[in-house]
Amino acid sequence: MDERRQLKIALVGCGRIAGAHLKGVRAHAPQITVTAAVDIDRDRAVAIADETGAEPFTSLDDALRHGDFSAVDIMLPHHAHEDAAVRAFTAGKHVVLEKPMATTIEACDRILTAARDAGTTFMIAEQAQYWPDAIEVKRMIDDGIIGDVITARAYFGGAAGPGITGKPWRFDKSIAGGGICIDGGSHWIRPLRMWFGEIDEVVAVTGRPLAEMEGESLVHALMRFRSGLVVTYDALHAGAVIGAGEQFRVTGSLGEIVIERGRTGRVLLFDREHPDGVEIPVTVDGSVVSLGDGRSAAYGLQLSDFAHAVLDGTALAADAEHSLGEVRTALAVYRSAETRSWQKVWE
Ligand SMILES: NC(=O)c1ccc[n+]([C@@H]2O[C@H](COP(=O)([O-])OP(=O)(O)OC[C@H]3O[C@@H](n4cnc5c(N)ncnc54)[C@H](O)[C@@H]3O)[C@@H](O)[C@H]2O)c1
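A few points on the structure. Here the structure is a predicted model, which is why all the values come from computation and not from measurement.

**Points about helix 1 (residues 16–28)**
- For helix 1, which comprises 13 residues, the first-to-last C-alpha distance of 19 Å matches the rise-based estimate of 18 Å (1.5 Å per residue) to within 8%.
- When we look at burial in helix 1, the residues that qualify are A18, H21, L22, G24, V25 and H28. All buried residues of helix 1 project into a common sector of 165 degrees when viewed along the axis, lining one side. Seen from the open side of helix 1, the exposed residues pointing more than 90 degrees away from its buried face are R16, K23 and A27.

Spelled out as structure tokens, the structure:
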């Protein structure tokens, strides 16, 4: 590997998702070298530092002053996104920031202004943009394999336990900015936007079946796209066990595409030729992989895209501003549930 083509990066927040990013760097972004590990929890920073040979820091400011890196990968609780991103931009760094960009549009705008002032690369880590299954489904829709799209359904479901004890920060609304829709629900909104374009308005009901979670743990929503297409979007975080079924169903005039749930899930095409369904292979770098492995690879594929954008000036698959779409959709879902009315996403 040519040393000059290396992007030195600081991992900021060495918690749960940092492990997935690190694994992704190793598998799919060899042009990235982790040179700093930052966490207010020193043990976590040291653990990642030991694993990577990076220098550990317990504050971002310290790392920005003394660390050797030109980019930061920010993986902090949502309420800390704005401060960390603005500090990094002010220090002239390239920034990849975990979703959601921030919890209010005003905070997002301040981050985008700081990014423009810095003139560096800015990406939101919305890995669904790189899910090989979502990309393949987009190709199939664009190629007219299922004819004209009539409607679609998205279901983001997860069991509430076991493993959820105490109060994780994402159960605190003042930190997370909401519940599942602004958090993991974004990964179900992005593919819908990839396939069908921009969402115009939403109407939603939300609930809190998971009592210890302050934000919503249930969403039933209708999303009307600018094209006129209406899609149902469900998100649920409840129950001890969630059964098999579908994550996405896209119905067209000539057939249907289904993406199943879970690590054993498949992508299936149903049409006249295949009334019982045919499996569509999921591939990464030309090799067939399971749906789950394809989803995991997306963490690395997104960081590789970021590194190429910084090192080679290539365009990102989706720029940071595009990620406003998921934040705006979640906020519109919240307004709709409160007012019991259709809410515009972009106004
Ligand atoms: N894309 C995905 O699939 C996915 C999955 C999980 C989480 N996330 C996102 O990643 C981000 C982090 O989530 P997580 O689950 O890894 O959380 P986490 O709690 O596991 O990790 C966050 C880490 O940040 C540290 N921290 C908190 N405040 C800090 C500060 N001011 N300076 C330095 N370190 C600080 C904590 O000590 C902790 O180690 C969130 O934006 C979340 O939405 C994305």
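The discussion continues.
**Some thoughts on the site of the ligand**
- The immediate surroundings of the ligand are formed by 22 residues, with D39, R44, H78, Q127 and W169 found nearest.
- In this structure, L76 approaches the ligand through a main-chain N or O atom, which is 3.2 Å from an oxygen atom.
- In isolation the ligand exposes 840 Å². Once the protein is present, 85% of that is buried.
- The class makeup of the residues in the shell around the ligand is 8 nonpolar, 6 polar and 8 charged.

**What to know about the sheet that holds strand 2 (residues 32–38)**
- Taking strand neighbours across the sheet as the criterion, the 6 strands line up as 3-2-1-4-5-6 in an open arrangement whose pairing is parallel. The outermost strands of the open sheet, each flanked by one partner alone, are strand 3 (55–57) and strand 6 (122–125). Between one strand and the next, the sheet's axes are offset by a mean angle of 25 degrees, whatever the strand orientation.
- In this sheet, strand 4 (residues 71–74) lies alongside strand 1 (residues 7–12) in parallel orientation, the contact comprising 4 bridges. In the sheet register, L11 faces strand 4, and the bridge partner there is D73.

**Focus: helix 10 (residues 324–339)**
- With 16 residues, helix 10 should cover 22 Å at 1.5 Å per step; its first-to-last C-alpha distance of 22 Å lies within 8% of that length.
- The buried fraction of helix 10 amounts to 12 of the 16 residues, a majority that puts the element mostly inside the structure.
- On its buried side, helix 10 packs onto helix 5 (105–118), helix 8 (186–196), strand 8 (199–207), strand 9 (218–225) and strand 17 (343–344).
- Directly after helix 10, the chain includes R340, whose backbone phi takes a positive value near 55 degrees.

**What about the packing of aromatic side chains?**
- Under the criterion given, the structure shown has 7 aromatic pairs.
- Between the aromatic rings of W195 and F248, the centroid separation amounts to 5.1 Å while the plane-to-plane angle is 75 degrees, which identifies the pairing as edge-to-face. A residue pair is termed long-range when its members are at least 10 positions apart, and W195 in helix 8 and F248 in strand 11 (residues 246–252) qualify at 53 residues.
- Residue classification places W195 among the buried positions, given a relative accessible area of 6%.

**Things to note about the packing of helix 4 (residues 81–90) against helix 5**
- Where helix 4 meets helix 5, the axes come as close as 9 Å, and the angle between the chain directions of the two elements is 10 degrees. Of the possible angle classes, the one that applies to helix 4 and helix 5 is roughly parallel. On helix 5, the residues touching H81, E82, A85, V86 and F89 of helix 4 are A107, R110, I111, A114, A115 and A118.

**Things to note about the sheet that holds strand 13 (residues 267–271)**
- Pairing in this open sheet of 9 strands is mixed, and the strands run 14-13-12-11-7-10-9-8-17 from one edge to the other. Two strands in the sheet have a free side with no partner beyond their single neighbour: strand 14 (278–280) and strand 17.
- Both strand 8 and strand 9 contribute to a ladder of 8 bridges, which runs antiparallel. Its bridge partner being in strand 9, A204 is matched across the sheet by A221.
- Contacting strand 7 (149–158), strand 11, strand 12 (255–260), strand 13 and strand 14, helix 6 (residues 132–142) runs over the sheet at an angle of about 175 degrees to strand 12.

Procedures and definitions
- Residues numbered from 1 in each chain as written.
- Predicted model: local features only at pLDDT ≥ 70, side-chain atom pairs only at ≥ 80, totals over all residues.
- Heavy atoms only, no water.
- Helix = DSSP H or I, 4+ residues; strand = E, 2+ residues; numbered from the N terminus.
- Expected span 1.5 Å × (residues − 1).
- Buried < 20%, exposed > 50% of the residue type's maximum accessible area, 1.4 Å probe, protein only.
- Arc of directions from axis to C-beta.
- Near = heavy atom within 4 Å.
- Polar contact = N/O pair within 3.5 Å; in protein donor to acceptor, adjacent residues only side chain to side chain.
- Areas by Shrake-Rupley, 256 points an atom, 1.4 Å probe, with all protein chains shown as cover.
- Nonpolar A, V, L, I, M, F, W, Y, C, P; charged D, E, K, R; others polar.
- Pairing = 2+ DSSP bridges.
- Axes fitted to C-alpha atoms, helices over the stretch in contact; angles between N-to-C directions.
- Contact = heavy atoms within 4.5 Å.
- Phe/Tyr/Trp six-rings, centres within 6.5 Å; stacked < 30°, edge-to-face > 60°.
- Parallel < 35°, antiparallel > 145°, perpendicular 65-115°, else oblique.

In short, shape yes, function no, at least from these values alone.
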